[in-house]
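# Reading the structure
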Amino acid sequence: MAETGDPAMDIQEELQALKRSFEAMTETGDPAMDIQEELQASKRSFEAMTETGDPAMDIQEELQALKRSFKLDISNLQEKNAELEAKNADLEEKHLDAKKAISELRNLVQKNGRIIDKDEGDDSILMNTNAYTFLYTSALCSAPFIAGVVTSLIQYTVFSLFLLDLLNTTSIPPGVTTLVRACQAIAIIIAFLVETDMLTALRGMFYREGFDEMANAFDGFAPWKFYFANALMGMQGLLGKFVAFSLITFADNVFDLLLNFTAVMFVSELDEIVFLLSKAGYVGRRAERLAKKIQKMKLPQRPPNGNLRHVHLFLYGLTLVAAFIAFAFVVHQQDSQNSLADFVKVQFGDEVDPTLGLFSGCYEKQLKDGWDARVRYVQTQSDRGQGDFEYCLVDGLQTWVFAIVQSKTACDDNFALRSSEERSTSFDLLDAKGDQWLFETGNAISEFQLGEIDPSRFEIECGTISVKGDTTSSTEELCPVMTVDVDAIGFSGSHDWSKTFVLLENLNSEVVQFYQRPVFIGDSLGSEGYELLFFAGRRWVLATTKLLTEDDDPFNMENVISLFESSGFWLLELRTEALSYLSEAVNQGNDRGTPLGLQWYNARYADGVAFPFADISRPVDGSFRCGKCNSRTNPCLYEGICQDDGTCICSHGTSGRLCEIKPLSDGVCNPFFNTAPDEYDGGDCCVATCSKANCGVGEMNFAFGQSLQRNGTGFPNCNDPSMVPLTIYLETEIVEDAGSGFASYTVELHCEEADTTPMRVALDPSIVGTLNETVYVDDKAGSCLLSFIGIQSWTGLNISYQIMDGLDSSADSMLLMNEERNITADGIFALPTVYSRCLKETLAGVVDAHDLYTGSYQDEAFARLSNEATKFENCSSNQEYLIERYSLVALSTAEEAPESWISSKDHCLWSRVTCDGSRVVELTYDGLTNGALKGLLAPEFTLLRHSERIDVFGNEFSESTIPTEVGTLSALTSLLLSINGLSGTVPTEVGKLTALTDLRLNDNALSGTIPSEVGKLTALTDLRLYDNALSGTIPSEVGKLIALSYLSLRTNALSGTVPSEVGSMSALTDLRLFDNALSGTLPSEVGKLGALKILSLRDNALSGTIPSQVGNLGAMKLLSLRDNSLSGTLPSEVGSMSALTALYLYGNRLSGSIPSELGNMTALKTMWLYNNALSGALPSEIGNMSALAALRLNGNRLSGTIPSQVGNLSALTVLNLNNNALPGTIPSEVGNLSALTKLWLYNNTLSGTIPSEVGNLSALIALQLHTNALSGTIPSEVGNWISLAVLGLYNNMFSGSLPSEIGLLDNLLYLNLRNNVLNGTLPSEIGLLTNLQYLILEGNKLSGPLPTEILRLTNLTQLELSGNLFSEEEVDEVMVSLGLDFSCNETIVEMALTSDHSPDETTWEITIGDGSVVASGGGYVLESITHDEKVCVPLDGCNFTLFDQDEDGGPTVEITRLGKVYQIDGAFTNQVVVDICAKC
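Computed from a predicted model, the values in this text were never measured in an experiment.

What follows covers the overall build of the protein chain. Per the secondary structure count, the protein chain includes 22 helices and 71 strands. Of the roughly 66300 Å² of accessible surface on the protein chain, a fraction of 50% belongs to carbon and sulfur atoms.

Following this line, the structure appears as structure tokens:
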């Protein structure tokens, strides 16, 4: 470090490196405390020295000294570390010696089988070297004592857990192989020889060897502790041997045996292992010293003399003998195989192989001789083939197999099934009950259940089934009679099967059994012989004797009985198709000993399979129930009475063994079965469901509040809710002076469509007053007739009636017949079709019941849906769908829409409907394109509760309003009802449509105010209410519509001010409030609308100044404030609106100069500032507005010359500077405006000549320079203006002749050169202007003869030649030739009409007192042209009316009548009327 000699930055860097090196040395974590303290002190000193950072030379010297001192400290530290490492190496060497000693001791223990040993040539013995020794040699609660206690607890706990596990989860195996048994015997001997804790404990307690010596040597020694420790050790040894014996005998293979034996030995030796660990110091210093002392301690050997010398050996030997006696007992039990189940029960799945089902049942154990022999289990059903389970070697696997054998064993025959698991040590078939069983092909059987049968239940499980109570079985008596469930279709096929099956008995009156189940025989006898129902091991089967027997006589009962009782009935040898039906598989859960309640299937035979499958694809609608009654478990049905013999006495017309056959559908209403589960007596109780000829006959004995003289036809007990109630009201009276009475008259209701008679009753005419009766007819009953029979005019009986759809007491009843009918004679009256009850109930909350049967559009819609109701089996589950369908049908009906719009198809497929799933989400119709609808906008459209878009516009719904229910359409995002002629107000409920983003109600006839609730529509982006008759103010709540981008309220009658809250509508891009009556100032807050692109407030009554904040609207493209009363100057900030393309400020009172900042608006295309009070010069910066196409500054007070920079506006097409006070000359740069079409500079003080450069304006259409002080000649370049239509140069000082090039202007319509000083002759080329309509040359000095070519101007409507040097005769001749002469015998009215910029919209008329039009004109072509016209009118033609369709005013008229002048300026709306006779 000192060698660098640099006192600068490198010294500091070296200091930092040295500091880091020092810190690395001190972080070694040396255990010597004094070294650490010294290092810390040195470190602090070093840090103090290095923190100064002094760069001087003395610091370097001090650092060198410190560095040498530091190196010395490091050297000392390294020496001390070396000493510590040597000590650590010595400790590690001693630790290895201890581990070696432990290993030698462990080997010694394993070799000698004990700890206590004797030194050669010495009579003394060593102390016990195990953890139990700590218990009596150490003090209580000391580390050695605790180690001994913990060790004993661990041993006892582990041995106890071993025992509990054995007792709870394991049993002695039923058998083991010879090899396993030999290993078991050897393991027992080893366990007793190696584990000697018990022997040591016995010797210690009996002999007390070294008792006194231990008391003297160990402070913690106490006699009770000595005996307690030895007793604890002895019990541990005994418990360990018992556990070892149990684990050894419970093992069924060598591997488990060795594993269990090793585990027990390890736990038994744990006390010796803990002692050795203590000696090695792992349990603490105290335990280490005590263990070493115990190991070195020698005790005198003092065994007793005589027979007691070997008493401990004797007792230890007894435990060994007891162990071998117990082992011998286990061997005997295994060899006798008494622990194996005597009987097992098997169930085979027959889905893959149906023959396996025949071998389900009971199997009995059979013993086999030989070494390691296993038992076999044989099916108890003998003589018909047997199933056999045996233990065999199959495919190299030792496992259990099943085979179908008749003489050999399973291991001899080909097996049918085998367990998938290898079980080399298994002696018990039940070991395989959880296995998967495989066919010989390797496929798995669908089901296999195996279980042990308790011998005491063998007769119950496998013996004779009790069916008559005369057997020894303890089972309940089973049902002796099987009947087919009457509610099911039953069995069908080649013949009608029996409905009842009874027990088959032999000649001794014993029940014939098969597979431990009774055989049943049918009660009918057909061509197929007897019908038999019997069990086949797995399923019940149904068959006929014709196919079961080989006998030619299937009706021989003896043969049938012997078939089941003989041994030759082998089911696998039956002919094909012998069995017709099979039941579901029988298992423990559904086995009742009979086929009660089982599902049945058709039999299906497969190729190569002798027994059929149950075809689950063809189930049978039939099951069996018990046909013998008992009052407890199988009572008679329907209030029948069970007799002692098991037969029933039936009630309520029922029949059958259990009264199960109901008297349904017999034409008579049975009140007991008039319930929904019985289909209301099978339909007998209602007219629409009864199918018999006698339906309802004689059922009525009371009707219309009176007992009938004779029973009539009717259905008074009709309870079927699908029927529709009709209530008939009769108002009867008898005229007092009528003739003699009569006995009765008949009232009948007959429905021809269904050919049913719901009611026919004979009434007593003497009972008068208000009568009513309710009858039930079919839902949607049609073509029904109400008849009155037996009434004659002479009887004096008058009846009026009404019919209600509904019950008499129901508030929802509807008048089916709208008109009351008065009956004085027999009559038949047709009823309208009854509407669907289901539909009425479903739409009850939607359709007003009073609208039905009225012919209203609601009624028509409901009728249409009622006719469709068959499509809706459950109206309530289709409620939402039906409500939407009704809404659409009602809407189309009210709109008078084309019939084709409503079809029977799903309404989601209708042309104007869009659905999401089954829900209507959009309803649209464009009346402008597709033709306007002219009905009503029905409020039912608000029933489309899931609608997201309603877009119906361009219609004529003049009698419709917006319903308040619109507020229920909570999902609506777009409501577009514009151009529909809607009236009424905007409902406040629109404020509930919080999801709405688009609301368009424009172009209607809505009145009232804009509801403030519109401010709740915070999601709204588009709001259009324009072209209505809305009044009031704009609610300030619109300021809450922060998402709104388009707002148009134009063309209403809104008043008040523009609310300042609009400044909060930050998303607004388009704001249109024009054509209202808004007043006040334009709020400065509009300057906050940074996204605004269009702001139009024209045609209002706004006052005040234009706020400078508009300059903040950088996105603005159109600003229209025209035709207001704005005053003040045009703020220069307008020039900051760099994106503006159109600026309309005309028709205000703006004053001051035009700010030069407008030159910054380079995107501006249209700037109309005319008709204000602007003054000053036109700024030269206007030449920077390169995009400007239309510039209108006319009608102001501008002065100063036209700046030459105007020539830079290359895109300019219109330049209007007329009606100002502009002096100077026309700048020649105007000739650069090649796109210019209109140049209006008239009514200024311009002087000088027309610059020849103007001739470059070849696109020019209109040139108006009149009323200035221009002089010089008309330039010949006029011929370049080939598109020119208007040329006005009058009221100037042009001289010279009219250039002949004027004839090149083929499109010229208007030529006015009045009041100049032109001279010379009129060029003949004037005749080329054949389109010319106005030729005005008066007030010049033109002379010479008129060229004959002038007569070609046949389109002239005005020709003025006066004030020149032409002869009057010549002029008159031309006027006559062109049809322009004028004569009037009445009153002449002269007009000078100056058109505005929309001349085609200007018309006029003159009327007389009765309103008749006597003169009219208008529809002009040329704008800003003065049209001179004369008309001849009657003297009373006094009313002059001027029209302007654009309602913007503009045209001016000067009218002269009888020398009186009348003026009309442009300040009017759409029309103005002047009395032109007022001054006369």
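The subject of this paragraph is the sheet that holds strand β67 (residues 1426-1433). Sheet architecture is open: four strands sit in the order β67-β64-β69-β70, paired in antiparallel fashion. Two strands close off the open sheet at either side, each with one partner strand: β67 and β70 (1460-1464). Strand after strand, the sheet turns through a mean of 15° between neighbouring axes, direction not considered.

Here we take up the sheet that holds strand β47 (residues 1149-1153). The four strands lie next to each other as β45-β47-β49-β51, forming an open sheet whose pairing is parallel. Edge positions in the sheet fall to β45 (1127-1129) and β51 (1197-1198), since each of these pairs with one other strand and no more. Alignment of β45 against β47, held across three bridges, turns out to be parallel. If you follow Ser1127 over to β47, its bridge partner there is Arg1149.

On to the pattern of salt bridges, then. Under the counting rule described, the total for this entry stands at 29 salt bridges. Residues Arg539 and Glu351 are paired through a salt bridge, measuring 3.8 Å at the closest nitrogen-oxygen approach. Taken together, the positions of Arg539 in the loop between β16 (531-535) and β17 (540-544) and Glu351 in the loop between β3 (343-348) and β4 (361-366) put the pair 188 residues apart, joining distant regions of the chain. Look at Glu351 and you get partly exposed, because its relative accessible area is 42%.

By definition, a disulfide links the sulfur atoms of two cysteine residues through a covalent bond. In the structure shown here, the tally under the stated rule is eleven disulfides. Cys908 shares a disulfide with Cys915; S-S distance 2.1 Å. What sets the handedness of the Cys908 and Cys915 disulfide is the S-S torsion sign, and at about -85° it is left-handed.

Let us now look at the nonpolar core. In this structure, Leu730, Phe788, Met1167, Trp1281, Leu1287 and Leu1335 are the most contacted members of the largest nonpolar core, which totals 191 residues. Other than its neighbours up to four places away in sequence, Leu730 contacts Phe704, Val747, Leu763, Gly769, Thr770, Leu771, Phe788, Ile799, Ser800 and Tyr801. Residues Leu358, Leu429, Ala536 and Trp600 belong to the second largest nonpolar core, which totals 75 residues.

The next subject is the packing of helix α7 (residues 197-207) against helix α9 (residues 223-250). The description of two helices packed together rests on the angle between their axes and the distance between the axes. Packing of α7 against α9 leaves a shortest axis separation of 7 Å and a crossing angle of 150°. Judged on the interaxial angle alone, α9 and α7 are roughly antiparallel. Relative to α9, α7 is oriented so that their crossing is left-handed. Mapping the contact onto sequence places Asp197, Met198, Thr200, Ala201, Gly204 and Met205 in α7 and Phe226, Tyr227, Asn230, Ala231, Met233, Gly234, Gln236, Gly237, Leu238 and Lys241 in α9. Tallied by class, residues from the contact of α7 with α9 come to eight nonpolar, six polar and two charged.

Helix length check: helix α20 (residues 879-894) (16 residues) gives 22 Å between terminal C-alpha atoms against 22 Å at 1.5 Å per residue, within 8%. With 14 of its 16 residues buried, α20 lies for the most part within the structure. Within two residues after α20, Glu896 carries a phi angle of roughly 60°, on the positive side.

A few words now on a nonpolar patch on the surface. Among the surface-exposed residues, Leu140, Trp224 and Phe228 lie close enough to one another that they form a single nonpolar patch of about 360 Å² accessible area. As for its position among the elements, Trp224 is in helix α9.

Bringing the packing of helix α19 (residues 857-868) against α20 into the picture now. For the pair α19 and α20, interaxial distance at closest approach is 8 Å and the crossing angle is 135°. By the angle between their directions, the pair α19 and α20 is classed as oblique. Considering the relative orientation of α19 and α20, their crossing is right-handed. Contacts between α19 and α20 involve Tyr857, Gln858, Glu860, Ala861, Phe862, Arg864, Leu865 and Glu868 on the former and, on the latter, Leu882, Arg885, Tyr886, Val889, Ala890, Thr893 and Ala894. Along the lines of polarity and charge, the residues of the contact of α19 with α20 split into nine nonpolar, two polar and four charged.

In this structure the tally under the stated criterion is 43 aromatic pairs. Centre to centre, the rings of Tyr638 and Phe673 are 5.2 Å apart; their planes meet at 75°, and the pair counts as edge-to-face. Here Tyr638, found in the loop between β21 (624-626) and β22 (641-642), pairs with Phe673, found in the loop between β23 (648-649) and α17 (679-682); they are 35 residues apart in sequence, far enough to count as distant. A residue is classified by how much of its surface remains accessible, and Phe673, at 0% relative accessible area, is buried. Taken together, the ring pairs in this structure connect Phe348, Phe359, Tyr363, Phe389, Phe402, Trp437 and Phe448 into an aromatic cluster. A cation sits over an aromatic face here: Arg1098 above Phe1074, 4.0 Å from the ring centre.

We now examine the pairing of strand β36 (residues 919-926). Summarising the sheet, strand β35 (residues 913-916) and β36 pair through four bridges and their orientation is antiparallel. Bridging from a neighbouring strand, Val913 pairs with Leu923 of β36. The antiparallel hairpin formed by β35 and β36 contains two residues in its connecting segment, where Gly917 sits at a positive phi of about 75°. Pairing of β36 with strand β37 (residues 949-953) involves five bridges; the strand directions are parallel. Counterpart to Thr924 in the pairing with β37 is Asp951.

Moving on, we get to the side chain of Asp388. Examined against the element boundaries, Asp388 turns out to sit in strand β6 (residues 386-394). A polar contact of 2.7 Å, which involves the side chain of Asp388, links it to the side chain of Arg376.

Here we take up the side chain of Ser978. Within the secondary structure, Ser978 sits in the loop between β38 (974-976) and β39 (998-1000). In contact with Ser978, not counting residues within four places along its chain, are Val952, Phe953, Gly954, Arg1000, Leu1001, Asn1002, Asp1003 and Asn1004.

Look at α19: 17 Å from first C-alpha to last across twelve residues, which is about the 16 Å you get at 1.5 Å a residue. Where α19 is concerned, the buried positions are Tyr857, Gln858, Asp859, Ala861, Phe862, Leu865, Ser866 and Glu868. Looking at the packing, one finds that the buried side of α19 touches α18 (837-842) and α20.

With that out of the way, let us pick up unusual backbone geometry. Residue Cys659 is not a glycine yet carries a positive backbone phi of 60°. Turning to its location among the elements, Cys659 is positioned in the loop between β23 and α17. Residue Cys659 is classed as buried on the basis of its relative accessible area, which comes to 0%. Phi at Thr1267 takes a positive value of approximately 60°, unusual for a residue other than glycine. One can find Thr1267 in the loop between β55 (1262-1264) and β56 (1269-1273). Overall, the relative accessible area of 26% leaves Thr1267 in the partly exposed class.

What follows covers the confidence of the model for the protein chain. Scored by pLDDT, the protein chain comes out at a mean of 83, with 86% of its residues at no less than 70. Confidence drops under pLDDT 50 across residues 108-121; counting only partners more than four residues distant or on other chains, this segment forms 25 contacts. Residue range residues 466-476 is modelled with pLDDT below 50. Its contacts to residues more than four positions away, or to other chains, number 21 contacts.

On the surface, a cluster of negative charge is contributed by Glu1368, Glu1369, Asp1372 and Asp1381. Within the secondary structure layout, Glu1369 lies in helix α22 (residues 1368-1377). Among the residues examined, Glu1369 registers a relative accessible area of 59% and is labelled exposed.

Attention now goes to the environment of Gly1056. Here Gly1056 shows up in the loop between β41 (1046-1048) and β42 (1070-1072). For Gly1056, the residues in contact, after removing those within four places along its chain, are Thr1033, Ala1077, Leu1078 and Ser1079.

This part covers the environment of Glu753. Here Glu753 is to be found in the loop between β27 (745-751) and β28 (756-763). What makes Glu753 exposed here is its relative accessible area of 61%. With 30 residues separating them along the chain, Glu753 and Ser783 place their C-alpha atoms 5.6 Å apart. Ignoring anything within four residues of it in the chain, the contact list for Glu753 reads Gly782 and Ser783.

Procedures and definitions
Residues numbered from 1 in each chain as written. Predicted model: local features only at pLDDT ≥ 70, side-chain atom pairs only at ≥ 80, totals over all residues. Heavy atoms only, no water. Helix = DSSP H or I, 4+ residues; strand = E, 2+ residues; numbered from the N terminus. Areas by Shrake-Rupley, 256 points an atom, 1.4 Å probe, with all protein chains shown as cover. Pairing = 2+ DSSP bridges. Axes fitted to C-alpha atoms, helices over the stretch in contact; angles between N-to-C directions. Salt bridge = Lys/Arg side-chain N within 4 Å of Asp/Glu carboxyl O. Buried < 20%, exposed > 50% of the residue type's maximum accessible area, 1.4 Å probe, protein only. Disulfide = S-S within 2.5 Å. Core = buried A, V, L, I, M, F, W, Y, C linked by side-chain atoms within 4.5 Å. Contact = heavy atoms within 4.5 Å. Parallel < 35°, antiparallel > 145°, perpendicular 65-115°, else oblique. Left-handed = near helix turned anticlockwise from the far one by under 90°. Nonpolar A, V, L, I, M, F, W, Y, C, P; charged D, E, K, R; others polar. Expected span 1.5 Å × (residues − 1). Patch = residues over 30% accessible without salt bridge, like charges linked within 9 Å, V, L, I, M, F, W, Y side chains within 5 Å. Phe/Tyr/Trp six-rings, centres within 6.5 Å; stacked < 30°, edge-to-face > 60°. Lys NZ or Arg CZ within 6 Å of the ring centre and 35° of its normal. Polar contact = N/O pair within 3.5 Å; in protein donor to acceptor, adjacent residues only side chain to side chain. pLDDT = per-residue confidence, 0-100. Lys, Arg positive; Asp, Glu negative; His and termini not counted. Charge placed at Lys NZ, Arg CZ, Asp CG, Glu CD.

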